[in-house]
Amino acid sequence: QVQLVESGGGSVQAGGSLRLSCAASGITFSINSIGWYRQAPGKQREWVAVISSGGSTNYADSVKGRFTISRDNAKNTVYLQMNSPKPEDTAVYYCNRPLDTNYGLVLDAWGQGTLVTVSA
């Protein structure tokens, strides 16, 4: 059974930092691309960042230069380092395996996510 469990969310002031974790089980982690997604109140879920099995990364323009995605295959975990977050980054953050190159489709059921609240 595939499980992707997000953690690390909380409240942070704008300009601070926060690190999210996505722990995976039930998959051969090292061969999978993993993406971070988020859903702000009243908005649709959107893709944030992705890391391939080989470590290549890609970011949405809104977070480029501020967020960093990384992975630790020994721990079956993907991280999202959020530096200089802005109030508009407030959202529930999820991880999942993207199915297409636009990252709009995902492979797994959505987990609970982890809430990030950024105050001005």
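Okay, so let's go over this structure. Bear in mind the structure is a predicted one, so any value in this text is a computation, not a measurement.

### Focus: the pairing of strand β3 (residues 17-25)
Here strand β1 (residues 3-7) pairs with β3 via five bridges, running antiparallel. Within β3, the position partnered with E6 by the bridge is C22. As judged from the seven bridges shared by β3 and strand β8 (residues 77-83), these two strands associate in the antiparallel manner. If you follow C22 over to β8, its bridge partner there is V78.

### A closer look at the environment of R97
Of note, R97 is situated in the loop between β9 (91-96) and β10 (114-119). Classification of R97 by relative accessible area gives buried; the value is 10%. The spatial distance from the C-alpha of R97 to the C-alpha of D108 is 6.6 Å, given a sequence separation of 11 residues. Each residue touching R97, except ones within four places of it in the same chain, is listed here: V2, L4, I27, N32, S33, I34, L105, V106, L107 and D108. Here D108 takes part through its side chain, which lies 2.7 Å from a polar atom of the side chain of R97.

### Notes on the pattern of salt bridges
Under the criterion given, the structure shown has five salt bridges. Notably, a salt bridge pairs D89 with R66, separated by 2.7 Å at the nearest N-O pair. Of this pair, D89 sits in the loop between β8 and β9 while R66 sits in the loop between β6 (57-59) and β7 (67-72); the two residues are 23 residues apart in sequence, bridging distant segments of the chain. Judged by its relative accessible area of 1%, D89 falls in the buried class.

### Observations regarding the sheet that holds β8
Where strands meet in a sheet, backbone hydrogen bonds hold them as pairs that are either parallel or antiparallel. Taken in spatial order, the four strands make up an open sheet running β1-β3-β8-β7, and their pairing is antiparallel. One side of each edge strand has no neighbouring strand; the edge strands of this open sheet are β1 and β7. Sheet twist, expressed as the mean angle between neighbouring strand axes with direction ignored, is 15°. In this sheet, β8 lies alongside β7 in antiparallel orientation, the contact comprising six bridges. Residue pairing for β8: F67 is matched across the bridge by M82.

### What to know about a nonpolar patch on the surface
Residues L99, L105 and L107 make up a contiguous nonpolar surface patch of about 300 Å² in total accessible area. Within the secondary structure layout, L99 lies in the loop between β9 and β10.

### Here's the deal with unusual backbone geometry
Despite not being glycine, N76 shows a phi value in the positive range, around 50°. Position of N76 among the secondary structure elements: in the loop between β7 and β8. Taking the relative accessible area as the measure of exposure, N76 reaches 24% and is therefore partly exposed. One non-glycine residue, Y103, adopts positive backbone phi at about 65°. Tracing the backbone through its elements, the reader meets Y103 in the loop between β9 and β10.

Reading the values: the criteria
Residues numbered from 1 in each chain as written. Predicted model: local features only at pLDDT ≥ 70, side-chain atom pairs only at ≥ 80, totals over all residues. Heavy atoms only, no water. Pairing = 2+ DSSP bridges. Helix = DSSP H or I, 4+ residues; strand = E, 2+ residues; numbered from the N terminus. Buried < 20%, exposed > 50% of the residue type's maximum accessible area, 1.4 Å probe, protein only. Contact = heavy atoms within 4.5 Å. Polar contact = N/O pair within 3.5 Å; in protein donor to acceptor, adjacent residues only side chain to side chain. Salt bridge = Lys/Arg side-chain N within 4 Å of Asp/Glu carboxyl O. Axes fitted to C-alpha atoms, helices over the stretch in contact; angles between N-to-C directions. Patch = residues over 30% accessible without salt bridge, like charges linked within 9 Å, V, L, I, M, F, W, Y side chains within 5 Å. Areas by Shrake-Rupley, 256 points an atom, 1.4 Å probe, with all protein chains shown as cover.

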